[in-house]
Structure formats: C-alpha cells, structure tokens
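Read off the chains here:
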Amino acid sequence: MHRLVDRLGAELRLVHERYGLGEGEFDVQCALRRAGEPFERAPGELAAHTMVTTGAMTKRIDRLERSGLVTRRRSGDDQRGRIVALTTAGRDLVDRAFADHMSNERRLLDLVTPEEAAAREALLATWLHRLED
C-alpha cells in the first residue's frame, strides 16, 4: 500500500511542480478558488479546508504571497484578523493547474478497467467498514 501511495503521490506532484507549486500551495489555491467570488478566506478557514495546522498554513500563504499568487489584508470586521485572496495571476495559474491535475488523475484512474475499479471500490468500502466497527 505504501509503495502505491508513494507512486501515485509522485505522479500527482508532477503537475503541481510543472506550475511551480508544492502540493500544499496547490491545495490552498484550490480552496480559495472553491470559495467563489471574490476567492478569499480567512487563514483559519483555509487550514480547516486543507486539514493542516494554522502554522503550516501560514508557511504556505507566505510562499504564495512571495510568488504573487495571493494577497493578505486585514479583515474589515476584525482588525486583528486577516483575509487571504487569490490574485488574478493566482487564479489564472490554479485554473490551468487544476485542469491539468484533473487530466492527470483521469490518466491514473484509467490504468485499471471499469470492472477492476468497481472491485477496488467494493473492497475498500468493505475494508473501511470493518476497520470502523
């Protein structure tokens, strides 16, 4: 299982790296894009959506801000709070990267037949159910 996870992760990271992004930065940009107009969230919301600590989120935001892909500003409601927003360049980049990411995922999923995929899904669902019991 570890070998498969490592190999699939490496295949997925190829797309992120093509756009100069780490996996974490890609996740942050996707979370901002999913927020819809005006493509912004508070750092704590981003941490919750990407399931990382606020410290890890700060590092990701710092890297994205240095690259000009996001901006940070004070929250209008709470001057101590911050809001992170995609820049136009960030939105353009994540749109291109996401399209390539989805094509790459499809390529990886297509390595198995529909019958094999159905069997895998059934096996994983059964395994998860037994672990949760």
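Right above here is the structure, for reference.
Residues numbered from 1 in each chain as written. Predicted model: local features only at pLDDT ≥ 70, side-chain atom pairs only at ≥ 80, totals over all residues. Heavy atoms only, no water.

Peer 1: Please give an account of the sheet that holds strand β3 (residues 82-86) that cites residues and values.
Peer 2: The 3 strands lie next to each other as β1-β3-β2, forming an open sheet whose pairing is antiparallel. In this open sheet, the two strands that pair with only one neighbour each are β1 (40-41) and β2 (70-74). Here helix α2 (residues 23-34) sits on the sheet and contacts β1, β2 and β3; the angle it forms with β3, its principal contact strand, is near 90 degrees. Relative to β2, helix α4 (residues 54-66) is tilted by about 115 degrees, and along the sheet it contacts β2 and β3. (Pairing = 2+ DSSP bridges. Helix = DSSP H or I, 4+ residues; strand = E, 2+ residues; numbered from the N terminus. Contact = heavy atoms within 4.5 Å. Axes fitted to C-alpha atoms, helices over the stretch in contact; angles between N-to-C directions.)

Peer 1: Could you give me a rundown of a nonpolar patch on the surface, with the residues and numbers involved?
Peer 2: On the surface, Met 1, Leu 124, Trp 127 and Leu 131 cluster together into a nonpolar patch covering about 490 Å² of accessible area. Structurally, Met 1 can be placed in the segment before α1 (2-18). Residue Met 1 is classed as exposed on the basis of its relative accessible area, which comes to 70%. (Patch = residues over 30% accessible without salt bridge, like charges linked within 9 Å, V, L, I, M, F, W, Y side chains within 5 Å. Areas by Shrake-Rupley, 256 points an atom, 1.4 Å probe, with all protein chains shown as cover. Salt bridge = Lys/Arg side-chain N within 4 Å of Asp/Glu carboxyl O. Buried < 20%, exposed > 50% of the residue type's maximum accessible area, 1.4 Å probe, protein only.)

Peer 1: Kindly report on the pattern of salt bridges, identifying the contributing residues and their values.
Peer 2: Applying the stated rule across the entire model yields 10 salt bridges. Here Arg 72 makes a salt bridge to Asp 62, at a shortest N to O gap of 2.3 Å. Residue Arg 72 is found in strand β2, and its partner Asp 62 is found in helix α4; the two are separated by 10 residues along the sequence. Taking relative accessible area as the criterion, Arg 72 reaches 28% and is therefore assigned partly exposed. Judged by its relative accessible area of 25%, Asp 62 falls in the partly exposed class. One salt bridge in this structure joins Arg 106 and Asp 110, with 3.0 Å as the shortest N-O distance. A relative accessible area of 47% means that Arg 106 is categorised as partly exposed. Here the residues in one salt-bridge network are Arg 7, Glu 11 and Arg 107, joined through shared partners.

Peer 1: Now, about the packing of α2 against helix α3 (residues 43-50): what can you tell me, with residues and values included?
Peer 2: If you want to describe how two helices pack, look at the angle between their axes and the distance between the axes. Across the interface, α2 lies against α3 with an axial gap of 10 Å and an inter-helix angle of 110 degrees. Taken as axis vectors, α2 and α3 run roughly perpendicular relative to one another. In terms of crossing hand, the pair formed by α2 and α3 is right-handed. Here Asp 27, Val 28, Ala 31 and Leu 32 of α2 lie close against α3, whose contacting residues are Leu 46, His 49 and Thr 50. Partitioning the contact of α2 with α3 into residue classes produces 4 nonpolar, 2 polar and 1 charged. (Parallel < 35°, antiparallel > 145°, perpendicular 65-115°, else oblique. Left-handed = near helix turned anticlockwise from the far one by under 90°. Nonpolar A, V, L, I, M, F, W, Y, C, P; charged D, E, K, R; others polar.)

Peer 1: Which residues make up the pairing of β3, and what are the values?
Peer 2: Among the 5 residues of β3, 4 are classified as buried, and the element is accordingly described as predominantly covered. Two elements, β1 and β3, share 2 bridges in a ladder whose sense is antiparallel. Residue pairing in the sheet places Arg 41 in a bridge with Val 84 of β3. Taken together, the 5 bridges between β2 and β3 define a ladder with antiparallel strand orientation. Counted as the bridge partner of Arg 72 is Val 84 from β3.

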